[in-house]
Each structure stands twice: as C-alpha cells, then as structure tokens.
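Now for the letters of each chain:
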Amino acid sequence: MRNIENLTIPRNRIDEILARYGITASTSPSTLWSAAWKAQKQKLWKAFFHKQLKRLRRKNSTNGQQEILSAYSAQWQKKVFSRYEPKTTPGGAPWEWGDLKWTISNEGGAAIRLVYLEEVLRNLNPASVLEVGAGNGINLLMLASRFPEISFAGVEPTEGGFRTAQAAIQEGVLPESLVQFAPFAVQSTSSVAGIRMVQESAQKLSFPTASVDVVMTSLALEQMEQIRHEALTEIARVAKDWVVMLEPFKEVNSKGLKRLYVDTYDYFQGAISELKDYGMQVEKIYFDMPHKSILGTALVIARRVR
C-alpha cells in the first residue's frame, strides 16, 4: 500500500493560483465577495421557495436524471477551452478556506481542485486512472499532460461533454489556452492523444472488474444522487487499488445554508462513513480545503478491499 498518511498540499500552491487570477484572499469579506454571497443566497432562497411551491401543487420537484444530463450537456458544449486561460477580471463565485474569503471563476476553481488531484496521483503513482463523470475532459487533459506515463480514461454520459473532450483528444495536442491554464508543470502536450473517452452512465460501466488502478471523481457524484448506490457500486467494482473522490459529502454540508443548498438542488447526500459499505476503506480525508462558500467539499482517498 502506498504511504499517503503524510500527503499534504502546500498552501503556497493555492496562493500561486489565486495570484494568477489577480485574487487577494482576506479574512475581512471584500465588497465583491459580500455582493456575490448575497446574490448566491438570494438565488438559493428563490430556488427553495420554487421547489416548495411545486410540492404544494403536487408536482415532482426532484430533477430527473435525464433532465440533469440535458442541462449539463448544453453547459459542456459552451465550455470552450479558451475560457480556461487565467484572467484577472474581478468576479465569480464566493469561495472560502478557513477564515479566508475570495471570489473566483469556475475555471479558477477547477485549477484549485486539479492541484489536489495531481498531488494524490503523484503519491499513488498508478499505471492507470479512470475518471467517472469527466465532463468536458478538463481534468483528464491536464493530468495526462502532467503524467504522460499514466494511462487515462474517462466516462461521461452527456453528449456535449463527451464530444467536447473527444474533439480535444483527437486534436492530439493540448490547446495553448490549457498550457497557460495548467496549475502545474506540463510534461507532454501530446500525451492527451492517448486518453480513452467512453460515453456511458456511471450506473453501468463497461470496464472490467478491478481493471483500473485508480478510479476518481471530481464534483461528479454531486449530480448523481438519484443513482448514487449504483454509481458507487460500479466505481468500487472497477477499481483495482484506489478510489479518489473530491465531492460534497454529507459531513461537510450538514448544517445551515450548505444543507439547504444540497437539499434544494437534490445534490449528493452520500456520507464518507458509508463508503465502507461499498468495500472502500478510507485511508485519507482532506476536510481543510478551499471550496465554494455555499457548498463544502472533501477529498477522500480510499483503498479498495475485496
């Protein structure tokens, strides 16, 4: 078993990302952060009351999985990679880390999460990695360029996400905008050509049992609450050694507006403590990590036991 007990994420790496986006984190909420947080809360309360109204009218207020996939397919098609090049334009969603607060774009948030995923893979040193819920392939493209020696694959159920990722893979070279976006040193711009993408649901993966060293997810399970049991079962089945999940687990969204947010949008309700029921033995948990102010995240590294 790899020794990950002392695995840490240097704080200066997060500071470097914030600096690239012209962001200064502060314990005193800025005017920009306060305005973004107010808008976020207003949007949440509006969605909450809309959901209650639908319940009073006896209409199903839970988004169907197909409805979720349709919405995300459209979003991934709009998410062109040129948007990822770091910009210092103020704005974005409110984020926090302990007492620190700042606003950052969705693309900047993706860079922060990639730092954590990169550090985990560097320590686990797998030969193969599968990302479940790969979206437009941003994590796969970046990590393949960082670790050309690893065989990467991804599954994505949406047409928009799959086509966007597949188009970049078929180009055979990392787009220049993503070279600029990379929150770590790019080792190979051509290794992206080796990524395998499959369009399918996490409910039933086509990969053989215990066939991939590491199965990972990053804010993908949050949209799979309705198929949570099937998805976790399949993730555990396919994993040979490790499962890495950066997700909004119940333990970090159990109170206040975070709980209301998860409930209102029918997000992931799974708990870290439940992973053992799927044959996953948790070896490391990061609770102390940057996240959106409205939605907590935790990074879990679990060993697959059979």
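For the structure, see preceding data.
What you see is a predicted model, and the numbers here were worked out from it, not measured in a lab.

Chemist: Could you give an account of the side chain of Glu118, with specific residues and numbers?
Modeler: Tracing the backbone shows Glu118 in helix H4 (residues 106–124). We classify Glu118 as buried; its relative accessible area is 5%. Beyond its immediate stretch of four places on either side in the chain, Glu118 contacts Arg13, Leu143, Arg146, Phe147 and Phe184.

Chemist: Go over the pairing of strand E1 (residues 93–97), please, and point to the residues and values.
Modeler: The buried count for E1 comes to five of five residues, which makes it a mostly enclosed element. Alternating residues of E1 divide into Ala93, Trp95 and Trp97 and Pro94 and Glu96, and every residue in both groups is buried. Both E1 and strand E2 (residues 100–104) contribute to a ladder of five bridges, which runs antiparallel. Paired with Trp95 across the bridge in E2 is Trp102. Connecting E1 to the antiparallel partner E2 that follows it, the hairpin turn spans two residues, and Gly98 within it adopts a positive phi of roughly 65°.

Chemist: Quick rundown of the environment of Trp33? Include the residues and the values.
Modeler: Tracing the sequence through the fold places Trp33 in helix H2 (residues 31–56). Distance from Trp33 to Gly92, taken between C-alpha atoms, is 8.8 Å for residues 59 residues apart in sequence. Those residues within four positions of Trp33 in sequence are excluded, and the remaining contacts are Pro94, Trp95, Glu96, Lys101, Trp102, Thr103 and Ser293. At 3.2 Å, the side chain of Trp33 forms a polar contact with the backbone oxygen of Trp95.

Chemist: Before we move on, can you summarise unusual backbone geometry with the specific residues and values?
Modeler: In most cases, non-glycine residues show a negative phi, while peptide bonds are predominantly trans. A positive phi angle, close to 50°, is found at Leu219, a residue other than glycine. By the element assignment, Leu219 lies in the loop between strand E6 (212–218) and helix H8 (228–238). Non-glycine residue Asp266 carries a positive phi angle of around 55°. Its location among the elements puts Asp266 in the loop between helix H9 (256–264) and strand E8 (280–286).

Chemist: Describe the sheet that holds strand E9 (residues 291–292), naming the residues involved and giving the relevant values.
Modeler: What the three strands build is an open sheet, ordered E2-E1-E9; its pairing is antiparallel. Sheet topology places E2 and E9 at the edges, where each strand pairs with a single neighbour. With two bridges joining them, E1 and E9 adopt antiparallel strand pairing. Directly across from Trp95, in E9, lies its bridge partner Lys292.

The rules behind these values
- Residues numbered from 1 in each chain as written.
- Predicted model: local features only at pLDDT ≥ 70, side-chain atom pairs only at ≥ 80, totals over all residues.
- Heavy atoms only, no water.
- Helix = DSSP H or I, 4+ residues; strand = E, 2+ residues; numbered from the N terminus.
- Buried < 20%, exposed > 50% of the residue type's maximum accessible area, 1.4 Å probe, protein only.
- Contact = heavy atoms within 4.5 Å.
- Pairing = 2+ DSSP bridges.
- Polar contact = N/O pair within 3.5 Å; in protein donor to acceptor, adjacent residues only side chain to side chain.

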